[in-house]
Amino acid sequence: LARIQTDSIVTMLRELYPDLHFEIVVAMSTTGDKILDTALSKIGEKSLFTKELENALERNEVDLVVHSLKDLPTSLPPGFTIGAVCKRENPLDAVVFHPRNCGKTLSLLPEKSVIGTSSLRRAAQLKKKFPHLEFRDIRGNLNTRLKKLDEKEDFSAIILAAAGLKRMGWENRIGQLLGPEDCLYAVGQGALAVEVRAKDQEILNMVSTLHDTDTVLCCIAERAFMKRLEGGCSVPVAVNTLLKDGQLYLTGAVYSLDGSDSLKETMQTSVSYPHQNEDGPNDDVQHVGITAKNVPGQAQEAAENLGVELASLLLSKGAKHILSVARQLNDAR
């Protein structure tokens, strides 16, 4: 999947810059790829899928790195920035069923059916919604997880991001799409990010043409929400965003590990601002790690403020307690 995502970015850049030579030099495994016998939420490393790649960027071995935006922490190490956020693929979660359950939905699965997911966010929401099901950790890349599902009898179904399945050309495996009423998605899910050196103006200017304005604004709001909550993959935090007629709507939620305790709110703001040519230092203002020169600065600010305000609202209603209990319980598991 990482290779397919990188290839898609390089293809776009080659079309925009036919005179430049792009080379995919490094295919490297990250800590998150190597530790497959432990739940993601237990490894406790925020830069699980990014650190090795950033080291290569810092050493000038590579000029840009392609990530799934949901893997990138809300605070990047000094010297790095997200220079492009591409048009978002479907951000929803998808259910892939064991062949014996083809044609079913989660609600129709027999009592005590086991569902595989490595995400506390998915498990917390779905435990509450489908109390007759059991949820168990499943790790590995998409190929590995689908193989575990198909070739063993351990799981009745697994939950994956619809975007990854679509990029792999496996849309036909999606048995059920989980809408916001069933499962809010992860911050940044479905969007690809291009990380670059913050001071490398040439590369920054080049990749910034890939920015999708709507996706940038939605993801800034989501990342600001997550950052204010100090959430990571060790706590269940979920979002849903909608940009319509210049209004950005953000729904954000926090959950206890079993989903029994939760807080959910929605807020909106206007992001309808003209683009002004802001010469000088304002050019490189980062909003939760994203540098988007071609997206109106006021709109980015409004999106970031929306995320912060929504998180502050949840915190005022007790979100900190829910998350700290979730974190402690997860650490003790």
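Keep in mind that what you see is a predicted model, and the values were worked out from it rather than measured.

Draft legend 1. Here's a closer look at the confidence of the model for the protein. The predicted model of the protein averages 90 in pLDDT, with 89% of residues at 70 or higher. Segment residues 40–46 is flagged for pLDDT under 50; beyond a separation of four residues in sequence, or across chains, it makes 23 contacts in the model.

Draft legend 2. Region of interest: the pairing of strand E6 (residues 157–161). Here E6 lies mainly inside the structure; five of its five residues are buried. Residues Ala157, Ile159 and Ala161 point to one face of E6 and Ile158 and Leu160 to the other, with burial holding for every one of them. Sheet topology places strand E3 (residues 93–97) next to E6; five bridges connect them, and they run antiparallel. Residue pairing in the sheet places valine 95 in a bridge with isoleucine 159 of E6. Pairing of strand E4 (residues 114–116) with E6, which is carried by two bridges, proceeds in the parallel orientation.

Draft legend 3. Looking closely at helix H1 (residues 2–16). The terminal C-alpha atoms of H1, which comprises 15 residues, lie 22 Å apart, in line with the 21 Å expected from a rise of 1.5 Å per residue. For H1, the full list of buried residues reads Gln5, Thr6, Ile9, Val10 and Leu13. Take H1 and look down its axis: the buried residues cluster within an arc of 130°, on one side only.

Draft legend 4. Layout of the side chain of serine 119. Inspection of the secondary structure puts serine 119 in the loop between E4 and helix H5 (120–129). Reaching out from serine 119, the side chain makes a polar contact with the backbone nitrogen of arginine 121 at a distance of 3.2 Å.

Draft legend 5. Representation of the pattern of salt bridges in the model. Within the structure shown, the criterion is met by 12 salt bridges. Residue glutamate 61 pairs with arginine 59 through a salt bridge whose shortest N-O separation is 2.6 Å. The partner of arginine 173 in a salt bridge is aspartate 150, and the shortest N-O contact between them spans 2.8 Å. Of this pair, arginine 173 sits in the loop between helix H7 (162–167) and strand E7 (176–178) while aspartate 150 is found in helix H6 (residues 142–151), placing the two residues 23 residues apart along the sequence. In the salt-bridge network here, residues are joined through shared partners; they are Asp63, Arg197 and Asp200.

Draft legend 6. The sheet that holds strand E11 (residues 262–270), seen in detail. Within the open sheet, the three strands sit side by side as E9-E10-E11. Their pairing is antiparallel. Of all strands in the sheet, those with a lone pairing partner are strand E9 (237–244) and E11, marking the two edges. On average, each strand axis in the sheet is inclined to that of its neighbour by 15°, with strand direction left out of account. Here E9 pairs with strand E10 (residues 247–255) via eight bridges, running antiparallel. Each bridged residue has a counterpart across the sheet, and for leucine 243 the counterpart in E10 is leucine 248. Along the sheet face, helix H9 (residues 213–229) touches E9 and E10 and points at about 150° away from the line of E9.

Draft legend 7. Inspection of the nonpolar core at higher detail. Core analysis: the largest hydrophobic core is formed by 45 residues, its most contacted members being Leu69, Ile82, Phe225, Leu229, Val237 and Val254. Looking at this core, the elements that each hand over two or more residues are strand E2 (80–85), H9, E9, E10, helix H10 (297–316) and helix H11 (319–332). Broken down by element, this core gets its largest block of residues, 10 residues, from H9. If near-sequence neighbours (up to four positions away) are discounted, isoleucine 82 is found in contact with Leu69, Leu72, Leu76, Ala193, Val194, Glu195, Arg223, Gly289, Ile290 and Thr291. Within the second largest apolar cluster, 15 residues are counted, among which are Phe22, Ala84, Leu192 and Val207.

The rules behind these values
- Residues numbered from 1 in each chain as written.
- Predicted model: local features only at pLDDT ≥ 70, side-chain atom pairs only at ≥ 80, totals over all residues.
- Heavy atoms only, no water.
- pLDDT = per-residue confidence, 0-100.
- Contact = heavy atoms within 4.5 Å.
- Buried < 20%, exposed > 50% of the residue type's maximum accessible area, 1.4 Å probe, protein only.
- Helix = DSSP H or I, 4+ residues; strand = E, 2+ residues; numbered from the N terminus.
- Pairing = 2+ DSSP bridges.
- Expected span 1.5 Å × (residues − 1).
- Arc of directions from axis to C-beta.
- Polar contact = N/O pair within 3.5 Å; in protein donor to acceptor, adjacent residues only side chain to side chain.
- Salt bridge = Lys/Arg side-chain N within 4 Å of Asp/Glu carboxyl O.
- Axes fitted to C-alpha atoms, helices over the stretch in contact; angles between N-to-C directions.
- Core = buried A, V, L, I, M, F, W, Y, C linked by side-chain atoms within 4.5 Å.

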